Amino acid sequence: MKTKWFAFMAVSLAVVIGSASADIFWNGSAGDTLWRTGDNWNTGQAPAPGVGAIFINNQTNGTLVLVDALTDTTLDSDIFGPEWGMTLEIDGGNLTTTGWSFAPIGDVTNPSIITVRNGGNLTVHNLLLGDNWWFGTAPGVIFNLYDTSTVTATDWCWLGGKMNLYGGTVDITGSMNMDSNAQGFANLNIHGGTLIVRGGDLSSVIDGWIASGYLSAYDTTPGERGAGSIVVDTETIPGGTILTATPSLAAREPNPLPQNPDGSVGTLISSSETEPV
């Protein structure tokens, strides 16, 4: 499976970028999990501009790759990974690449994980998460965004894995696609964060995404009883879309009365109005 993935992407990207630079591979040999430590890479040096593709798929010395607050790196390479159960955590640091793709893949039983937290930043050209048009059998990717952290895709986002926006902002210059995922595993769960899509009005696909299970609000399916809601803004950015979410009223009212004064069961809004839970 790895060979098929590598061969397909290597040929495709050679056509796109024409790069003949040597690829670089994570091996974790230093044992400190840090991206910036040279001995964690097969070349003995941390990735720098001008290297070939960057691969994060070697679990010999652990599964965690950490971009800490002391790491501020700007590259021009494609990044393949984390793959097959590896974890890339951007914890207060900055990882930026102008390469064509950032493409993690994994198995649903042992997913690859990307976490951006504590004011961290990830900037890529195309954000390709899980299975999609380029590779249809590895949807096991979970992407988590927290607090005030940011993720920027200067072109498109193709989502074939799971993206949890617990905070922060994902800002996509182009547009976003979830309908091409081959396994039906795609899910965008907005849980306090914001998705900005500058190059596409998504209002016509939102209902279809919800019906397919691709779009959630606070871990619930919008429209179902007691679920959260997706807020769609197509006015702030002409031709674009901003998605946020609101939790269910029951979630905002942690101790609803078991029975309202009027005899109904639900969360009491006022003496004359109730909201089902």
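Figured I'd write up the structure that's included with this text.

Quick look at the pattern of salt bridges now. Taken as a whole and assessed by the stated rule, the structure comprises three salt bridges. Between Arg117 and Glu89 there is a salt bridge whose closest N-O contact spans 3.4 Å. Of the two residues, Arg117 is situated in strand 9 (residues 112-117) and Glu89 in strand 6 (residues 87-91); the sequence distance between them amounts to 28 residues. You can call Glu89 buried: its relative accessible area is 18%. In this structure, the salt-bridge partner of Asp171 is Arg198, at a minimum N-O distance of 2.8 Å. Of the two residues, Asp171 sits in strand 16 (residues 169-172) while Arg198 sits in the loop between strand 19 (194-197) and helix 2 (206-211), which places them 27 residues apart along the sequence. Owing to a relative accessible area of 16%, Asp171 belongs among the buried residues under this scheme. You can call Arg198 partly exposed: its relative accessible area is 39%.

Along the chain, Thr109 falls in the loop between strand 8 (101-102) and strand 9. Separated by 31 residues in sequence, Thr109 and Gly140 have C-alpha atoms that sit 7.3 Å apart. Looking at Thr109, its side chain comes within polar contact range of the side chain of Asp107, at 2.5 Å.

With respect to the element layout, Ser216 can be found in strand 20 (residues 215-217). Within the structure, the side chain of Ser216 is placed 2.9 Å from the side chain of Asn187, a separation counted as a polar contact. Once residues lying within four places of it in the same chain are set aside, the contact partners of Ser216 are Asn187, Leu188, Asn189, Ile190, Pro222 and Ile230.

Before going further, it helps to spend a moment on the nonpolar core. Membership of the largest hydrophobic core comes to 49 residues, with the highest contact counts inside it found for Trp35, Met163, Met176 and Leu188. Not counting residues up to four positions away in its chain, the partners in contact with Met163 are Leu127, Leu129, Phe143, Cys157, Val170, Asn187, Leu188 and Asn189. Of all hydrophobic cores here, the second largest spans six residues; its members include Ala53, Phe80, Leu128 and Trp158.

So, about the packing of aromatic side chains. Following the criterion strictly, the structure yields six aromatic pairs and no others. Here Trp26 and Trp41 contribute two aromatic rings whose centre-to-centre distance is 5.1 Å and whose plane-to-plane angle is 85 degrees, an arrangement assigned as edge-to-face. Residue Trp26 is located in the loop between strand 1 (24-25) and strand 2 (54-55), and its partner Trp41 is located in the loop between strand 1 and strand 2; the two are separated by 15 residues in the primary sequence. With respect to burial, Trp26 and Trp41 carry one shared label: buried. Among the aromatic residues, ring-to-ring pairing joins Phe25, Phe55 and Phe80 into one connected group. We note Arg117 situated over the ring of Tyr146; from NZ or CZ to the ring centre the distance is 4.7 Å.

How each quantity is defined
- Residues numbered from 1 in each chain as written.
- Predicted model: local features only at pLDDT ≥ 70, side-chain atom pairs only at ≥ 80, totals over all residues.
- Heavy atoms only, no water.
- Salt bridge = Lys/Arg side-chain N within 4 Å of Asp/Glu carboxyl O.
- Helix = DSSP H or I, 4+ residues; strand = E, 2+ residues; numbered from the N terminus.
- Buried < 20%, exposed > 50% of the residue type's maximum accessible area, 1.4 Å probe, protein only.
- Polar contact = N/O pair within 3.5 Å; in protein donor to acceptor, adjacent residues only side chain to side chain.
- Contact = heavy atoms within 4.5 Å.
- Core = buried A, V, L, I, M, F, W, Y, C linked by side-chain atoms within 4.5 Å.
- Phe/Tyr/Trp six-rings, centres within 6.5 Å; stacked < 30°, edge-to-face > 60°.
- Lys NZ or Arg CZ within 6 Å of the ring centre and 35° of its normal.

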